[in-house]
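# Structural characterization, general
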Amino acid sequence: MEINNSFEVPLPPKEAWKVLMDIERIAPCMPGAELTGVVDKDTYNGKVSVKLGPVALAFVGQVKFTERDEANYKARVKGQGKDSKGRGGANATIDFKIDPVAQGSLVKVKTDLALSGSVAQYGRASGLIQDVASQLIGQFANALRARIEASRPVAASASAAPQAPKPAVKPISGFSLMLRVLWNAIRRIFDKR
């Protein structure tokens, strides 16, 4: 199943590329994701947990950059994981490209996702998977923007004023995610009429 998403980053493409290639820096921005090890500069071990209502899925696996085209700001990542309870697995090929926009950069993400085992039944409702992916990408983009803003140097005149601590970005909750997905499904039903 193909899933397409995009998000903006408040940096020019060259800087956005550097940030997105720093996996250890950006992994905490993805809701439910945990980087568990670095094999080499292209290969990372991790865990992704997603809760959909009463069903909690935890995939343990590996992602590997198979292509990096810095001149054109394009990359391809292949990932595979297995549910920790043996209910199936997921394999994905993720292509992303960074394009310049007025506010910085637009990151286009195309994911080719294949589910196996009992978790594949979620793939039958491709609208559900697309909605979940959109919500997760949105949460990732918000967390990434917050991290970028927090790392920017403060202007000299503003440095004298005390800065309020930024609130921690919370991962999307399973309940909140399901409500948004359900709302999108209802909207699609009425849009077809």
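Each remark here, short or long, concerns the structure printed above.
These remarks concern the structure in this document. Predicted, not measured: the structure shown is a model, and the values here were computed from it. (Residues numbered from 1 in each chain as written. Predicted model: local features only at pLDDT ≥ 70, side-chain atom pairs only at ≥ 80, totals over all residues. Heavy atoms only, no water.)

### Details of the overall build of the protein chain
When its secondary structure is counted, the protein chain shows five helices and seven strands. The helix and strand sequence of the protein chain, counted from the amino end, reads β-α-α-β-β-β-β-β-β-α-α-α. Taken across its 193 residues, the protein chain has 35% of its residues classed as buried. In the structure as shown, the protein chain presents an accessible area of about 11600 Å², 56% of it carried by carbon and sulfur atoms. (Helix = DSSP H or I, 4+ residues; strand = E, 2+ residues; numbered from the N terminus. Buried < 20%, exposed > 50% of the residue type's maximum accessible area, 1.4 Å probe, protein only. Areas by Shrake-Rupley, 256 points an atom, 1.4 Å probe, with all protein chains shown as cover.)

### What to know about the pattern of salt bridges
Following the criterion strictly, the structure yields seven salt bridges and no others. Linking Asp42 and Lys41 is a salt bridge whose minimum nitrogen-to-oxygen distance equals 3.4 Å. Among the residues examined, Asp42 registers a relative accessible area of 18% and is labelled buried. Between Arg76 and Asp95 there is a salt bridge, with the nearest N and O atoms lying 2.6 Å from each other. Of this pair, Arg76 sits in strand S5 (residues 74–83) while Asp95 is found in strand S6 (residues 88–101), placing the two residues 19 residues apart along the sequence. Its relative accessible area of 27% is what places Arg76 among the partly exposed residues. What you see here is one network of salt bridges that share partners, running through Lys41, Asp42 and Arg68. (Salt bridge = Lys/Arg side-chain N within 4 Å of Asp/Glu carboxyl O.)

### Observations regarding the pairing of strand S4 (residues 55–69)
Relative to S5, S4 runs antiparallel, the two being bridged by ten bridges. The residue bridging Lys64 from the neighbouring strand is Lys78, located in S5. Once S4 ends, the chain turns through four residues before running back antiparallel as S5, passing Tyr73 with a positive phi of about 50 degrees. (Pairing = 2+ DSSP bridges.)

### Some remarks on the nonpolar core
Phe7, Val9, Leu20, Phe65, Phe96, Val107 and Leu144 are the most contacted members of the largest nonpolar core, which has 25 residues in total. Those elements that provide at least two residues to this core are strand S1 (2–9), helix H1 (13–21), helix H2 (23–26), S5, S6, strand S7 (104–117) and helix H3 (126–151). At six residues, H3 tops the list of elements feeding residues into this core. With sequence-adjacent residues up to four places away left out, Val107 is seen in contact with Asn5, Ser6, Phe7, Val9, Leu20, Phe96, Lys97 and Ile98. (Core = buried A, V, L, I, M, F, W, Y, C linked by side-chain atoms within 4.5 Å. Contact = heavy atoms within 4.5 Å.)

### Observations regarding the side chain of Asp42
Following the sequence through the fold, Asp42 ends up in the loop between strand S2 (33–40) and strand S3 (43–52). Here the side chain of Asp42 touches Lys41 through a polar contact of 3.4 Å, side chain to side chain. Dropping the residues within four chain positions of it, Asp42 is found in contact with Val63, Lys64, Phe65 and Arg68. (Polar contact = N/O pair within 3.5 Å; in protein donor to acceptor, adjacent residues only side chain to side chain.)

### As for the packing of aromatic side chains
Under the definition given, this model contains three aromatic pairs. Measuring from centroid to centroid gives 5.6 Å for Phe7 and Phe140, while their planes differ by 85 degrees, and the two rings are edge-to-face. Of this pair, Phe7 sits in strand S1 while Phe140 sits in helix H3, and the two are 133 residues apart along the sequence. Of the two residues examined, Phe7 and Phe140, each falls in the buried class. On the numbers, 6.1 Å between centres and 55 degrees between planes, the contact of Trp17 with Tyr73 is tilted. Of this pair, Trp17 sits in helix H1 while Tyr73 sits in the loop between S4 and S5, and the two are 56 residues apart along the sequence. Chaining the aromatic ring pairs together yields one cluster made of Trp17, Tyr73 and Phe96. (Phe/Tyr/Trp six-rings, centres within 6.5 Å; stacked < 30°, edge-to-face > 60°.)

### Regarding the pairing of S5
Residues Ala75, Val77, Gly79, Gly81 and Asp83 point to one face of S5 and are all buried, whereas Lys74, Arg76, Lys78, Gln80 and Lys82, pointing to the other face, are not buried. Alignment of S5 against S6, held across nine bridges, turns out to be antiparallel. For Lys74, the partnering residue across the bridge sits in S6 and is Lys97.

### Description of the side chain of Asp95
You can call Asp95 buried: its relative accessible area is 19%. A distance of 2.6 Å separates a polar atom in the side chain of Asp95 from a polar atom in the side chain of Arg76. Sequence-distant contacts of Asp95, that is, excluding residues within four places in its chain, are made with Ala75, Arg76, Lys108, Val109 and Lys110.

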